[in-house]
Amino acid sequence: MSKASQYFLKSVMYGLIVCALIQVVPYGRTYTNPPIVREPSWDSPETRAIARRACFDCHSNETIWPWYSRIAPVSWLVRYDVDEGRKELNFSDWQNGAREGERPDKIGREISKGKMPPFQYFPTHPEARLSEAEKRRLIDGLNATALRR
Ligand code: HEC
């Protein structure tokens, strides 16, 4: 075997060992969802349906945890997004505007600027990509929802 292929095989082996070892890190290993405390009084089922599609995985207690979210290091990134997302805005624990991320102007800005959902979410969740019309409907719907407290 040439030196180059020996080196290549060694790298693959070490890579596999590292992948196996990082699986024991406890961070990112809870996939249970906390109970639903209170949802906003949605202005329409359609607003909820679009939010469910595009936002609920990180901004609700109804996160769907796919198989790859259980494998490090992806599990660490997903855990981080869900924890930080829920902290800012949680549609299952709606606090009537007390949370910074519940502010309609903020939500509207994040959606219209294309910052939410974050880009890294799309390759695995193409259904979360909203058309311009759907974005408009979601923004208007969430604005109306925020007024119904
Ligand atoms: C893949 C996870 C994920 C999805 C899906 C997602 N978000 Fe977020 N969101 C986050 C994270 C993480 C943060 C906190 C860090 C940040 O601001 O980037 C956040 C923060 C926010 C904030 C607060 C921003 C601020 O500056 O205070 C708002 C508002 C928000 N998201 C709205 C939405 C809406 C509306 C959707 C659906 C259209 C959505 N997000 C979808 C992960 C997500």
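The following refers to the structure shown. Just so it is clear, the model here is predicted, and its values are computed rather than measured.

Side note on the overall build of the protein chain
Along the protein chain, the regular secondary structure elements total six helices and zero strands. Each helix and strand of the protein chain, ordered N terminal to C terminal, gives the series α-α-α-α-α-α. Radius of gyration (C-alpha) of the protein chain: 20 Å, far over the 15 Å computed for a compact globule of 149 residues. Along the first, second and third principal axes, the C-alpha atoms of the protein chain reach 70 × 30 × 25 Å. Sorting the 149 residues of the protein chain into buried and exposed places 23% on the buried side. Within the protein chain, contacts between residues separated by at least 24 positions form 78% of all contacts whose residues are at least 6 apart in sequence.

A short note on the site of the ligand
Near the ligand you find 20 residues, and of these C55, C58, G85, G101 and M116 are the closest. Where the shell around the ligand is concerned, the elements lending two or more residues are α3 (56-59), α4 (74-88) and α5 (104-112). Taken together, the residues of the shell around the ligand break down into 10 nonpolar, three polar and seven charged.

Focus on the environment of R103
Relative to the assigned elements, R103 resides in the loop between α4 and α5. Measuring from C-alpha to C-alpha, the distance between R103 and N143 comes to 8.7 Å, with 40 residues separating the pair along the chain.

Let's talk about unusual backbone geometry
Note that the residue after A72, namely P73, is joined by a cis bond; omega there is 5°. Look at the link from M116 to P117: it is a cis peptide, with omega at -10°. Examined against the element boundaries, P117 turns out to sit in the loop between α5 and α6 (132-147). Positive phi, close to 50°, is recorded for N96, a residue that is not glycine. Topologically, N96 is positioned in the loop between α4 and α5.

Quick notes on helix α1 (residues 3-22)
Relative to the 28 Å expected for 20 residues at 1.5 Å per residue, α1 spans 29 Å between its end C-alpha atoms, a close match to the ideal helical length. Sparse coverage of α1 is indicated by the burial of zero of its 20 residues.

Looking at the packing of helix α2 (residues 45-54) against α6
When two helices pack together, their arrangement is given by the angle between the helix axes and by the axis-to-axis distance. For the pair α2 and α6, interaxial distance at closest approach is 9 Å and the crossing angle is 120°. On the basis of the axis angle, α2 is oblique to α6. When the axes of α2 and α6 are compared, the crossing they make is left-handed. Contacts from E46, T47, I50 and A51 of α2 reach α6 at E134, R137, L138, G141, L142 and T145. Taken together, the residues of the contact of α2 with α6 break down into four nonpolar, three polar and three charged.

Definitions and cut-offs
- Residues numbered from 1 in each chain as written.
- Predicted model: local features only at pLDDT ≥ 70, side-chain atom pairs only at ≥ 80, totals over all residues.
- Helix = DSSP H or I, 4+ residues; strand = E, 2+ residues; numbered from the N terminus.
- Rg over C-alpha atoms; globule rule 2.2 N^0.38 Å.
- Buried ≥ 20, exposed ≤ 12 C-beta atoms within 10 Å, placed from the backbone.
- Contact = placed C-beta atoms within 7 Å.
- Near = placed C-beta within 6 Å.
- Nonpolar A, V, L, I, M, F, W, Y, C, P; charged D, E, K, R; others polar.
- Expected span 1.5 Å × (residues − 1).
- Axes fitted to C-alpha atoms, helices over the stretch in contact; angles between N-to-C directions.
- Parallel < 35°, antiparallel > 145°, perpendicular 65-115°, else oblique.
- Left-handed = near helix turned anticlockwise from the far one by under 90°.

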